[in-house]
Amino acid sequence: MALADSTRGLPNGGGGGGSGSSSSSAEPPLFPDIVELNVGGQVYVTRRCTVVSVPDSLLWRMFTQQQPQELARDSKGRFFLDRDGFLFRYILDYLRDLQLVLPDYFPERSRLQREAEYFELPELVRRLGAPQQPGPGPPPPHSRRGVQKEGSLGDDLLPLGSAESEQQEGASAGAPSPTLELASRSPSGGAAGPLLTPSQSLDGSRRSGYITIGYRGSYTIGRDAQADAKFRRVARITVCGKTSLAKEVFGDTLNESRDPDRPPERYTSRYYLKFNFLEQAFDKLSESGFHMVACSSTGTCAFAGSTDQSEDKIWTSYTEYVFCRE
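About the criteria used
- Residues numbered from 1 in each chain as written.
- Predicted model: local features only at pLDDT ≥ 70, side-chain atom pairs only at ≥ 80, totals over all residues.
- Heavy atoms only, no water.
- Helix = DSSP H or I, 4+ residues; strand = E, 2+ residues; numbered from the N terminus.
- Buried < 20%, exposed > 50% of the residue type's maximum accessible area, 1.4 Å probe, protein only.
- Contact = heavy atoms within 4.5 Å.
- Areas by Shrake-Rupley, 256 points an atom, 1.4 Å probe, with all protein chains shown as cover.
- Core = buried A, V, L, I, M, F, W, Y, C linked by side-chain atoms within 4.5 Å.
- Salt bridge = Lys/Arg side-chain N within 4 Å of Asp/Glu carboxyl O.
- 1 Å grid on protein atoms, 1.4 Å probe; cavity = no way out; pocket = protein on both sides within 12 Å on 5 of 7 lines; lining within 4 Å.
- Points joined across faces, edges and corners; volume = space filled by probe spheres on them.
- Nonpolar A, V, L, I, M, F, W, Y, C, P; charged D, E, K, R; others polar.
- Domains from an automatic or database assignment.
- Phe/Tyr/Trp six-rings, centres within 6.5 Å; stacked < 30°, edge-to-face > 60°.
- Pairing = 2+ DSSP bridges.
- Axes fitted to C-alpha atoms, helices over the stretch in contact; angles between N-to-C directions.

Q: Report on the overall build of the protein, specifying residues and quantitative values.
A: Scanning the protein from terminus to terminus reveals 10 helices and 10 strands. The buried share among the 326 residues of the protein stands at 36%. Within the protein, counting contacts between residues at least 6 apart in sequence, those at least 24 apart form 58% of the total. Summed over its atoms, the accessible surface of the protein is roughly 19,000 Å², and 50% of this surface lies on carbon and sulfur atoms.

Q: Let's hear about the nonpolar core: which residues, and what values?
A: Counting residues in each nonpolar core, the largest one holds 32 residues, and the members touching the most others are Leu-37, Leu-59, Phe-63, Phe-88, Ile-91, Phe-119 and Leu-121. Where this core is concerned, the elements lending two or more residues are strand E1 (34-39), helix H3 (58-64), strand E3 (79-81), helix H4 (88-97), helix H5 (109-118) and helix H6 (122-129). Examining the composition of this core, we find that six residues originate from one element, H4, more than from any other. Grouped together as the second largest cluster of nonpolar side chains are 20 residues, Ile-211, Leu-278, Ala-281 and Phe-290 included.

Q: Please give an account of the pattern of salt bridges that cites residues and values.
A: This structure, assessed with the given rule, holds 14 salt bridges. Note that Asp-261 is salt-bridged to Arg-89, the shortest N-O span being 3.8 Å. Of this pair, Asp-261 sits in the loop between strand E7 (254-255) and strand E8 (267-273) while Arg-89 sits in helix H4, placing them 172 residues apart in sequence.

Q: Please set out empty space enclosed by the protein residue by residue, giving values where relevant.
A: A full pass over the atoms with the stated rule returns two cavities of 30 Å³ or more. Considering only enclosed or pocket space, the largest cavity measures out at about 80 Å³ in volume. Considering the residues around the largest cavity, the lining is formed by Phe-86, Pro-103, Asp-104, Tyr-105, Phe-106, Pro-107, Glu-108, Lys-247, Glu-256, Pro-260, Asp-261 and Arg-262. Across the lining of the largest cavity, the residue classes break down as six nonpolar, no polar and six charged. Looking at which domains feed residues into the lining of the largest cavity, each of domain 1 (34-129) and domain 2 (209-223 + 231-325) supplies at least three.

Q: Residue-level account of the packing of aromatic side chains, with values.
A: Scanning the model with the defined rule gives 11 aromatic pairs in all. On the basis of an interplanar angle of 75 degrees and a centroid distance of 5.1 Å, the ring pair of Tyr-90 and Phe-106 is categorised as edge-to-face. A residue pair is termed long-range when its members are at least 10 positions apart, and Tyr-90 in helix H4 and Phe-106 in the loop between H4 and H5 qualify at 16 residues. One exposure class covers both Tyr-90 and Phe-106, and it is buried. On the numbers, 6.4 Å between centres and 10 degrees between planes, the contact of Tyr-215 with Tyr-321 is stacked. In this pair, Tyr-215 sits in strand E4 (residues 209-221) while Tyr-321 sits in strand E10 (residues 313-325), placing the two residues 106 residues apart along the sequence. Look at Tyr-321 and you get buried, because its relative accessible area is 14%.

Q: Explain the environment of Arg-114 to me, using residue names and the numbers behind them.
A: Here Arg-114 lies in helix H5. Expressed as a C-alpha distance, the spacing of Arg-114 and Leu-128, which sit 14 residues apart in the sequence, is 9.6 Å.

Q: Summarise the sheet that holds strand E2 (residues 42-47); cite the residues concerned and give the values.
A: The three strands lie next to each other as E2-E1-E3, forming an open sheet whose pairing is mixed. Each edge of the open sheet is held by one strand with a lone partner, namely E2 and E3. The mean inter-strand angle of the sheet, taken between neighbouring strand axes irrespective of direction, is 30 degrees. Note that E1 and E2 share six bridges and pair antiparallel. From the neighbouring strand, Val-39 faces E2, where its bridge partner is Gln-42. Taken strand by strand, H4 contacts E1 and E2, and its axis lies near 5 degrees from that of E2.

What follows is the structure in structure tokens.
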């Protein structure tokens, strides 16, 4: 940090040296004090002293050892890094005060460790690799012992120890527990199988639930009402539903930047897809066992260019499709 503070605002990032030096005219241009970064499509604005706060890191070399014109830029002149834009927010937070603070139910720890290795931050890599200390509250879902689908995010897990307590409660009440009955049955009628949540099938391959996708579109109708409408492309497809289901269906094509810290077992309406083809979203939902159960649409009309009704009409609509998997 001392290096960044001492170099900020000085020619060529160096200290000492009179301004009348003969070599000053040949020095490379300075980096701005406020740096705009485009990381995988996500824009970050920070101070240069922040990105160079860890000596010998990748960002430190980029913004101290290279000239601005040597770095990649996007179409708007921002410095471009082809990395995970969502995870970079935690890299930037670490660079600000050299502290690691992650949200609860954070499932991307190993991926963040990979990003820390790329940016050459050994202390952050070490902290991410250390075992997590249990907090004062109940353990998060992914740290509890239970049964889950391989590769899932571990929501709605039923702890193995809860079977005994439910069995005792059922025995005292004189009625068997529905959860234990479901857990004790197997397709072959044999011994008791793994415990299942109400949202899982017997083979543990699916979880029931609803996903709603929506889009806002517009199209133009010419003066002749019989003419073909000119549909404009879908700008964004939104996703509403349970976080774990949305991630299961859409995977890496789901953009979580508007709600990055949502726990897997909670619901959100702020996700959207990285593509804008409705048919592609329908295909992914169909492949995951969902079928459409409802659809609704609302629209408004405006006149292009003037209030004269003879002009072209522009319709703007918002449409939602509700999908269900039982």
